[in-house]
Amino acid sequence: MRTIEDPLTISYQERIARFTAADQLPSLHGAREFVAAGGLISYGANIADLFRRAAGYVDRILKGARPADLPVQQPTTFELVINLKTAKALGLEVPPTLLARADEVIE
């Protein structure tokens, strides 16, 4: 599963949100920025956490560790973001149990 959107997709996030809204399509994304731009839901790795963990790798490399000796790490912190405004525009009702699990709800 890709957790980070590519630069091309990110640069067109508002346009993608407009297209999906115009065609009444619910959209699921891997980055919270899409939900802020008007997408319905995002579920993906917490990007800030990934950068913090990468800084630990840089620190270890600068202290002399060989990059080949460092273990590959997977994301450990994921976030669910829901845009209720978009859900309402699409005529969707988001279940309360899903709202309770969300890390952020945009109204």
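Residues numbered from 1 in each chain as written. Predicted model: local features only at pLDDT ≥ 70, side-chain atom pairs only at ≥ 80, totals over all residues. Heavy atoms only, no water.

Visitor: When you look at the pairing of strand β3 (residues 78–83) in this model, what are you seeing that I'm missing?
Guide: Residues in a regular strand point their side chains to alternate faces of the sheet. Burial within β3 is extensive, with five of its six residues counted as buried. Judged from the three bridges that link them, β3 and strand β4 (residues 104–106) form a sheet pairing that is parallel. The residue of β4 that forms the bridge with V81 is E104. (Buried < 20%, exposed > 50% of the residue type's maximum accessible area, 1.4 Å probe, protein only. Helix = DSSP H or I, 4+ residues; strand = E, 2+ residues; numbered from the N terminus. Pairing = 2+ DSSP bridges.)

Visitor: Is there a simple way to explain the packing of aromatic side chains in this structure?
Guide: By convention here, two paired aromatic rings are described through the distance between centres and the angle between planes. One pass over the full model with this rule turns up one aromatic pair. With 5.8 Å between their ring centres and 15° between their planes, Y43 and F78 make a pair best called stacked. Of this pair, Y43 sits in strand β2 (residues 41–45) while F78 is found in strand β3, placing the two residues 35 residues apart along the sequence. For F78, a relative accessible area of 30% gives the class partly exposed. (Phe/Tyr/Trp six-rings, centres within 6.5 Å; stacked < 30°, edge-to-face > 60°.)

Visitor: Any chance you could explain the pattern of salt bridges here in plain terms?
Guide: Here the idea is simple: oppositely charged side chains can pair when their charged atoms come close. In total, this model carries four salt bridges according to the counting rule given. R32 serves as the salt-bridge partner of E79, at 2.5 Å between the closest nitrogen and oxygen. Highlighted residues: E79 in strand β3 and R32 in helix α3 (residues 32–36), separated in sequence by 47 residues. The class of E79 is buried, set by a relative accessible area of 11%. Taking the shortest distance from any N to any O, the salt bridge between R32 and E104 comes out at 1.7 Å. Linking R32 in helix α3 with E104 in strand β4, this pair joins segments that are 72 residues apart in sequence. By relative accessible area, R32 is classed as partly exposed at 29%. (Salt bridge = Lys/Arg side-chain N within 4 Å of Asp/Glu carboxyl O.)

Visitor: Whenever I open this one, the nonpolar core confuses me. Can you help?
Guide: Proteins that are soluble and globular tend to have nonpolar side chains buried together. One finds L40, I41, L80, I82, A87, L90, V94 and A102 forming the largest nonpolar core, which totals eight residues. Not counting residues up to four positions away in its chain, the partners in contact with I41 are S27, L28, H29, V35, L80, V81, I82 and L98. (Core = buried A, V, L, I, M, F, W, Y, C linked by side-chain atoms within 4.5 Å. Contact = heavy atoms within 4.5 Å.)

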